[in-house]
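# Descriptive analysis of the structure
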2 protein chains.
Amino acid sequence: MISNSEIKLITGLHRKKYRDLHNLFIAEGEKLIKDLLKSGAQLTHFYTTEPIQPTDSAPSAIAPVLISERQMQKISGQKNPSGWLAVFKQPKNTALDEACWVVALDDVQDPGNMGTILRLCDWFGISHVVCSLDTVDRFNPKVVQSSMGSIARVQVHYVSLDQWLDAQTKPIFGAVLDGQSLTKVIWPKQGVLLMGNEGQGIRPQRARYITDHLSISGAPSRGAESLNVAMATGILLHQWHLNQ
Amino acid sequence: MISNSEIKLITGLHRKKYRDLHNLFIAEGEKLIKDLLKSGAQLTHFYTTEPIQPTDSAPSAIAPVLISERQMQKISGQKNPSGWLAVFKQPKNTALDEACWVVALDDVQDPGNMGTILRLCDWFGISHVVCSLDTVDRFNPKVVQSSMGSIARVQVHYVSLDQWLDAQTKPIFGAVLDGQSLTKVIWPKQGVLLMGNEGQGIRPQRARYITDHLSISGAPSRGAESLNVAMATGILLHQWHLNQ
């Protein structure tokens, strides 16, 4: 059973304005919801179209409410809903730990890329991501989905990026098209890895803060023009991780 | 102007059966189509909903046919068509060059992952990809799209993978969960990099052919359970490329 006011609340949460107003976000899919619960995210609403087996030991005390497929269609943002939808409280960020390595994003727009980058940070042990104010919202349902639960474990801070970069005393590593080869990089104990927008890369007013320019070399005869920003982040973080 | 028989032909091409029958495939998006033309792919049909400026120097002698948005909706596989759709002949594979490094895929299902892997191969200079017969079709429109034109430059061979692996004399490197760290790997001049399915990894009957087990190490405290297969391929190919 789902009330009309709940339907109204949840459909609103597909928009940033209402996510911020209510301090909530949506997650769809059984595995994702269970992963968020395991990470300590606080559940407020939980629906499924699949009758739960009594033997199914839910990881949470809160059992999902059984709703019809038509109702799920209304509240889901997916073309083919998975049959599982939950609403969580937005976890509060802990303060940005400036003593660690930080990934900084300049205007990453694609929710899939953002989610993948959060999953990578989680994998390689980066706990803090700093984003320009125009970077895609971390609680966008597609970010949540592609982060595979990492959204509950990685802290994402939206800041005035120019100001934040300007105040840095740590080296700032930036991925650019004509930087030095990764084999030659000496990774310090602390630093920032700055990654740019899908189409334009790092904007000039931010690029001037880069102290170490990095490039991922391809084959000389390559046809592909570039690597996707999430892929480049993965390769750079792996290289960083190997040298920690 | 687009005829009904053309509409029928093109809508059919969204299915593998008709792609194989006609030996054709679809590409959508101006940049992708131009990239395929530049790579020498042979155009058979070309449509746009945008009137072409006379100053726009097309890279091909064949100009697109102007059609209505309604007609584009009919032939496009996208929810929000880009306004550009072309049909190309399926390029013929050159013979598999066994003297090179080859990427082998065991049942990769997601078209986005497959396209991304082809783009990575193109970037790092891998010319041949061998796939199990149940791997997603290389001419699936979503594979074509996410390959960003690399489909015209990387040769993809569908084979009985067990038989092919069994006949190999080269070392076979496989990405598994408990392999050796990448820092210790010595990459020979020739070899195979075997990557598995999104959910199950490399199937046991193929895994027994692996001579060198590799793993991408994450942080000890990581929350993320795994990396996506395309991301893992990117990290491994980068590491291979650095050591060539």
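Each chain has its residues counted from 1, following the order in which its sequence is written. The order in which chains are written sets their letters, starting at A; the order in which ligands are written sets their numbers, starting at 1. It should be noted that, the model being predicted, local features are given only for residues of pLDDT at least 70 and side-chain atom pairs only at 80 or more, the latter also being counted only at that level, while totals for whole chains, interfaces and linings use all residues. The side-chain numbers reported here are obtained from all heavy atoms of the structure, hydrogens and water having been left aside.

### Points about the interface of chain A and chain B
Note on definitions: a residue-residue contact is assigned when non-hydrogen atoms from the two residues lie within 4.5 Å. At the junction of the two partners, chain A supplies 31 residues and chain B supplies 31 residues. Per-residue buried area on chain A facing chain B is highest for Arg119(A), Trp123(A) and Met231(A); these three make up 25% of the total on that side. Any carboxyl oxygen of Asp or Glu that lies within 4 Å of a side-chain nitrogen of Lys or Arg is treated as forming a salt bridge with it. Counting across the interface, chain A meets chain B through two salt bridges. A 3.5 Å cut-off defines polar contacts: any pair of N or O atoms within that distance qualifies, except that in protein one atom must be a possible hydrogen donor and the other a possible acceptor, and neighbouring residues in sequence count only when both atoms are side-chain atoms. Our count for the contact surface shared by chain A and chain B stands at 10 residue pairs in polar contact (both at pLDDT 80 or more). Each helix corresponds to a stretch of at least 4 residues labelled H or I by DSSP, and each strand to a stretch of at least 2 residues labelled E; elements are numbered beginning at the N terminus. Only helix H5 (111-124) and helix H9 (229-242) of chain A provide two or more residues apiece to the side of chain A that touches chain B. By buried area we mean the combined loss of accessible area, with a 1.4 Å probe, across both parts when two parts are placed together.

### Description of the relation of the copies chain A and chain B
Least squares is used to superpose the copies, and the fit set is the C-alpha atoms of residues whose pLDDT is at least 70 in both copies. Taken as rigid bodies, chain A and chain B are interconverted by a rotation of 180° and an axial shift of 0.0 Å, the fit giving an RMSD of 0.0 Å. Taken together, the rotation and translation describe the operation of a two-fold axis. The rotation axis passes nearest to the C-alpha of Ile235(A) in chain A, at a distance of 2.6 Å. When the interface residues of chain A are mapped onto chain B, 100% of them are again interface residues, pointing to one common binding face.

### Examining the environment of Cys121(A)
With respect to the element layout, Cys121(A) can be found in helix H5. Think of it in three bands: with a 1.4 Å probe and only protein chains considered, a residue is buried below 20% of the maximum accessible area for its type, exposed above 50%, and partly exposed in between. Judged by relative accessible area, which is 0%, Cys121(A) ranks as buried.

### Section: the domain arrangement of chain A
Residue and element names in this part refer to chain A. Assigned domains of chain A: these are domain 1 (4-89) and domain 2 (102-242). Using C-alpha coordinates to define each centre, domain 1 is positioned 30 Å away from domain 2. Counting residues at the interface gives 11 residues for domain 1 and 11 residues for domain 2. Roughly 980 Å² is buried in total at the junction of domain 1 and domain 2, and carbon and sulfur atoms are behind 60% of that figure. Of all residues in domain 1, Arg19, Phe25 and Leu32 give up the largest surface area on contact with domain 2, accounting jointly for 39% of the area buried on that side. Inspection of the domain 1/domain 2 interface yields two salt bridges. For every domain, the bounds stem from an assignment made automatically or drawn from a database.

### Quick word on the pairing of strand S1 (residues 24-28) of chain B
All names here are of chain B. Within S1, five of the five residues are buried, which leaves it mostly tucked inside the rest of the structure. Residues Leu24, Ile26 and Glu28 line one face of S1 and the alternating positions Phe25 and Ala27 line the opposite face, and both faces are buried. In the sheet, S1 pairs with strand S4 (residues 84-89) via five bridges, with the strands oriented antiparallel. Residue pairing in the sheet places phenylalanine 25 in a bridge with phenylalanine 88 of S4. The rule for pairing is simple: two strands pair if DSSP sees at least two bridges between them.

### Describing the sheet that holds strand S1 (residues 24-28) of chain A
Residues and elements named next belong to chain A. Strand order in the open sheet formed by four strands is S1-S4-S2-S3, and the pairing between neighbours is mixed. Only two strands of the sheet have a single partner each, and these edge strands are S1 and strand S3 (65-66). Note: strand S2 (residues 43-48) against S3, two bridges, orientation parallel. Paired with threonine 48 across the two strands is leucine 66, which belongs to S3. Between N-to-C directions, angles cover 0 to 180 degrees, with each direction set by a line fitted to C-alpha atoms, over the stretch in contact for helices. Strands in contact with helix H1 (residues 4-12) are S1, S2 and strand S4 (84-89); relative to S2, the strand with the most contacts, it is inclined by about 105°. On the sheet, helix H3 (residues 30-38) packs against S1, S2 and S4 and is oriented at approximately 25° with respect to S4.

### Brief notes about the sheet that holds strand S3 (residues 65-66) of chain B
All names here are of chain B. If you trace the four strands from one edge of the open sheet to the other, you get S1-S4-S2-S3, paired in mixed fashion. In the strand order of this sheet, the two ends are held by S1 and S3, each with one partner. Helix H1 (residues 4-12) rests against S1, strand S2 (43-48) and S4 of the sheet, and its axis sits at about 105° to S2. Contacts between helix H3 (residues 30-38) and the sheet are confined to S1, S2 and S4, with S4 contributing the most and set at about 25° to the helix.

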